[in-house]
Amino acid sequence: MKMRNHKTLLVLAVLMAFLATMVGGCAQKEPPAPEQSQQPPAKELKLATTTSTQDSGLLDVILPELEKDINYKVKVIAVGTGQAIEMGEAGDVDVILVHSRAAEDKFVADGYGVDRRDVMYNDFLIIGPAEDPAGIKGSTDIIAAFKTIADKQAVFVSRGDNSGTDKKEKGIWTKAEMTPAGAWYIESGQGMGDTFRMADEKKAYTLIDRATYLAQKDKYKLEPIIEGDKSLLNPYGVIPVNPEKFPNVDYEGATKFAQWLTSEKGQKMIGEFGVKEFGQQLFVPDAK
Amino acid sequence: MSIFVEGIKEGVYLIWQMDPEIIQVTLLSLQVSLTALLLSAMLGIPAGAALALKKIPGKRIWLNTIYTLMGLPPVLAGLLVYLLLTYRGPLGQFELLFTPSAMVFAQVLLAAPIVCGLTARAVMALPQDVYDTAATLGASRRQASATIMREARIGIVAALTTAFGRVIAEVGAVMLVGGNIRWSTRVLTTSIVLETRMGNFSTAIAIGLILLSLSFLINLLILKLEKRTLRYDNTIQIT
Amino acid sequence: MTTQFKLHNVVKRYGSRTVLTIDQLALPEGRIYTIMGPNGSGKSTLLRIMGLLLVNDEGELEVLGEKVNWEKEQLLQLRRQMSMVTQTAFMFQGSVEYNVAYGLKARNMKSRLIRARVGEMLEMAGMSAYREADARTLSGGERQKVALARAMQSNQKYCSWMSRLPTLIWPVQPK
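Residues numbered from 1 in each chain as written. Chains lettered and ligands numbered in written order. Predicted model: local features only at pLDDT ≥ 70, side-chain atom pairs only at ≥ 80, totals over all residues.

1. Let's talk about the overall build of chain A
The test is simple: Helix numbering and strand numbering both begin at the N terminus, where a helix is a DSSP run of H or I of at least 4 residues and a strand a DSSP run of E of at least 2. Here a residue counts as buried when 20 or more other C-beta atoms fall within 10 Å of its C-beta, as exposed when 12 or fewer do, and as partly exposed in between; the C-beta atoms come from the backbone. Throughout, a residue-residue contact means that the two C-beta atoms, derived from backbone geometry, are no farther apart than 7 Å.
Helices and strands together make up the secondary structure of chain A, namely twelve helices and ten strands. Evaluated residue by residue, chain A yields a buried proportion of 42% over its 288 residues. Partitioning the contacts of chain A with sequence separation of at least 6, the portion at a separation of at least 24 is 77%.

Here's what the structure looks like:
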């Protein structure tokens, strides 16, 4: 019996030691080869952005450069647009990067954000089944196309989550002076990738941003139906959270972040993103 | 079907390569869930024993509450902890949001009721003889309590494995309070969500398989330990 | 001759059912007593009250010359002078040795002494061969012997044994 006790104690001891290395929230294994060896240790910057921004892969490419230049470690929290703005309004992050102009303006007007800057834009397209049941392919009138979809009750998958994409789509319905409802209008309540997948499953139309479309189109069968219309542009804004409302936020870091994105170097990197992989620009640099 | 084969191949590849990101994510998953389990055991086992043994007014209601909390939806637990830790929230000044500590906190909310409830049940299932024998042999209250817990240890281990299974596999709580931040609060389950969202199904399956293998290994370890303390197979033999 | 047990107007109820009523009962030391009665007559209840496992609802109980106030310090002190072997001869998980050593360990006896004493008790019960066996693998009779060995501590002033007659016939080595 003594032997058994020792074995259990040994295992428990190993477990304790293992956990002890973790307690204190220091489970961060940095990516191999940290670069800032001569500079003072990098501070943390919390960025709230949208899932479609993260999923496009843009951040994975530009952040390493950005972090090196401004000596910050950027913690990216990707959620829906609504939640990203919420997090800014709660003071839980230092800066937000979203694409929902009306919501951004309100964010600033309500005093939660300061110094909004344009960063870039990409565009949306309507994709759908090759058979094009609503017969709208190549149309140049988005609003009429949406009306036709509703009339013919062609299946349409919406984000339904108050995201930037969702608000864009709702905006078009509003201009068409109608509220879509019925079995044909499906609100997924999920991110762009999941919505794309669902639309493909259901052979439906959907509004999608070009970045997500290009990144994932090989997995699915849906094709571009309408694109290029000016109303389908999707501008991004970067907004530091107001330090007067939330003294805990790192306003200096957020400003450096925003400045880098709108700098010549940052803009150039944004413009180059995706060209090699997809043969076309995913984001058009748009800093003013 | 080929997607699963792809997934298995990719999973083996990731482990074989010792891909640093996968290793970090796996270690973090283990650290978060094991810490949560440890804390839940420290809270839940004594609480469960007390609930079973002590005369408490409204004991049945307490038990019912614990049983209900055993089924607390992870995403709800995550939301509650989020609201506690947000900057303007009651615990905002500790700046714990989006850290592994917040994730541990949320998982303790999920695991502790399970440990407590199942421990209480294990103790309640013991015959009166356990106490009677101990007491008449001269055991003090403390000694008798220790003996009761020892007799209930199979049930308590079951409570721990159940609680562990729950938290290592949940995603709602850690996603909300952790934020799925790369290298920082990303774990196996949130990685699966991310890869799925990005359409990388085989990678998602690969990570899922790693998660299952991990669970399997840990449960195997616990079973091996249990086997050492019980030489005789107590289950019913049917002929 | 001191009186080991005294019961005075003791009553025990389960809910509305009165299961035991004792007006007067005095048991002096140095004797072996047998309680006999039909099923449900309260034998086990009486023994459990006397064994300090059950609290009486009314009346006074005196054990080993002391008035029982059911405080845990007194209970512990009294219990360590008595022992009981129950009908089921419940065995703790573990070996026969673990079970027999239990009472000795509870009294904080030194390990070396415990090992020796356990050997003595097992020999007295004729169960030495079963020392390492898992206690749950024993037959009913074997369990009773182990339970008896387990209950025989030093300084025992009183030992009670609940069982259905006849359970067990075995020669006891007088010590």
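2. Brief notes about unusual backbone geometry
Positive phi, close to 70°, is recorded for W183(B), a residue that is not glycine. With respect to the helices and strands, the residue W183(B) is situated in the loop between α9 (172-178) and α10 (188-197). You will see that N9(C), though not glycine, has its phi angle at about 55°, which is positive. Note on placement: N9(C) falls in strand β1 (residues 3-14). Here N9(C) falls in the exposed class, since 12 other C-beta atoms lie within 10 Å of it.

3. With respect to the interface of chain C and chain B
This is how it is decided: We call Asp, Glu, Lys and Arg charged. Ala, Val, Leu, Ile, Met, Phe, Trp, Tyr, Cys and Pro are nonpolar, and the rest, Gly among them, are polar.
Taken together, the contact between chain C and chain B spans 21 residues of the former and 18 residues of the latter. Looking at the side of chain C that touches chain B, the elements with two or more residues in it are α2 (72-79), β5 (82-85) and α3 (96-106) of chain C. For the side of chain C that touches chain B, the class distribution of residues is seven nonpolar, seven polar and seven charged.

4. So, the environment of S111(C)
Inspection of the secondary structure puts S111(C) in helix α4 (residues 111-125). Taking C-alpha positions, S111(C) is 20 Å from M124(C), a pair spaced 13 residues apart along the chain.

5. Some thoughts on the domain arrangement of chain A
Residue and element names in this part refer to chain A. Selection rule: Throughout the structure description, domain borders are defined by an automatic or database domain assignment.
Taken domain by domain, chain A consists of domain 1 (40-121 + 235-285) and domain 2 (123-233). On a C-alpha basis, the centres of domain 1 and domain 2 stand 26 Å from each other. Listed as interface residues are 18 residues of domain 1 and, on the opposing side, 16 residues of domain 2. When residues of the side of domain 1 that touches domain 2 are assigned to their parent elements, the largest contribution, four residues, is made by helix α2 (residues 51-56). Residues belonging to the side of domain 1 that touches domain 2 are distributed by class as follows: six nonpolar, eleven polar and one charged.

6. What to know about the packing of helix α6 (residues 142-152) of chain A against helix α7 (residues 164-175) of chain A
Packed helix pairs are characterised by how far apart their axes lie and by the angle those axes make with each other. All names here are of chain A. For clarity, the cut-off: Inter-axis angles, ranging from 0 to 180 degrees, are taken between N-to-C directions of lines fitted to C-alpha atoms, where helices are fitted over the stretch in contact. An angle below 35 degrees is read as roughly parallel, one above 145 as roughly antiparallel, one from 65 to 115 as roughly perpendicular, and any other as oblique.
Look at α6 against α7: their axes get within 9 Å of each other, and the N-to-C directions meet at 85°. Considering the angle they form, α6 stands roughly perpendicular to α7. Residue-level inspection shows I142, I143 and F146 of α6 in contact with α7, the latter providing I172, W173 and K175. Tallied by class, the residues present in the contact of α6 with α7 amount to five nonpolar, no polar and one charged.

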